[in-house]
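Chain by chain, the residues run as shown.
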Amino acid sequence: MTDLPEGVERRAFDGRQRLATRGPPVYGEPTDEEWRLWDAGRSKLAAMIESGLDTGLDGGETVLYLGAASGTTVSHVADFAGPTYAVEFAPRPVRDLVGVAEDRPNLFPLLKDARKPETYAHVVEADVDAIVQDVATRGQARVAVENRRFLREDGRLLAAIKARSEDVTRDPDDVFEDALADLREGYEVLETARLEPYHDDHLGVVARPE
Ligand code: SAM
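Given the structure is predicted, the values throughout are model-derived calculations rather than measurements. (Residues numbered from 1 in each chain as written. Predicted model: local features only at pLDDT ≥ 70, side-chain atom pairs only at ≥ 80, totals over all residues. Heavy atoms only, no water.)

**Student:** Please clarify how the site of the ligand should be interpreted in this entry.
**Tutor:** Around the ligand, the structure places 19 residues, and the nearest of them are Tyr65, Thr73, Glu88, Asp113 and Ala114. In isolation the ligand exposes 600 Å². Once the protein is present, 84% of that is buried. Of the residues that constitute the shell around the ligand, the class distribution is eight nonpolar, four polar and seven charged. (Near = heavy atom within 4 Å. Areas by Shrake-Rupley, 256 points an atom, 1.4 Å probe, with all protein chains shown as cover. Nonpolar A, V, L, I, M, F, W, Y, C, P; charged D, E, K, R; others polar.)

This is the structure we're talking about:
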């Protein structure tokens, strides 16, 4: 089992040891007095951790999160990370995200298109420690390559690749192979894992800039 970042623990929920972070509740998730359940069935990053991938996260990192939606996963990230820039291009979820950030002074929502990093380059600090990506859109590897500019030399890309977002008709393994080939235009791929049983036809990828 890989080490958890500081600020992430396994706690008893529903009689099982589950991932949890400490922070104000966001989406009706179960909580005990301090900790809130970080459900791998709702979060690709939590599923990557549960799948045994070494994310390289220690806690306290500066994070660029691509595809934040209404903040389910990025709220947990902001619980244990340092400055957390959350990019999402759909206005409605960003409204919720802004509400999530009210309780988290280290979380910075950005209503931006992750395919156009130049539009937020003036806001996001250079040399972030980690890019977490869950955009579930065609061209996922290209989005990661285009955002590599923000990542420090030995930083980590933690990406979830959804096969069906690329092509619903192709075998997911073939889609993943192509996505990894595209990723290698900017990254060295360190580890991969399928995210079943938490998320069907998703590949978790840990990579570093090359
Ligand atoms: N990561 C979220 C979570 O776990 O809480 C769920 C993300 S959802 C699977 C994918 C999100 O990526 C959607 O909200 C979608 O609007 C967003 N997205 C897709 N393409 C994007 C792009 N080019 N720029 C920014 N956001 C994008």
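**Student:** Help me understand the packing of helix α4 (residues 140-147) against helix α6 (residues 172-183) in this model?
**Tutor:** Two elements in contact, α4 and α6, have axes separated by 8 Å at closest approach and are oriented at 15°. Regarding the angle of α4 to α6, the classification is roughly parallel. Considering only the axes of α4 and α6, their crossing is right-handed. Residues Ala141, Ala144 and Val145 of α4 touch α6, and the partners they reach there are Ala179, Asp182 and Leu183. A class-by-class count of the residues in the contact of α4 with α6 yields five nonpolar, no polar and one charged. (Axes fitted to C-alpha atoms, helices over the stretch in contact; angles between N-to-C directions. Helix = DSSP H or I, 4+ residues; strand = E, 2+ residues; numbered from the N terminus. Parallel < 35°, antiparallel > 145°, perpendicular 65-115°, else oblique. Left-handed = near helix turned anticlockwise from the far one by under 90°. Contact = heavy atoms within 4.5 Å.)

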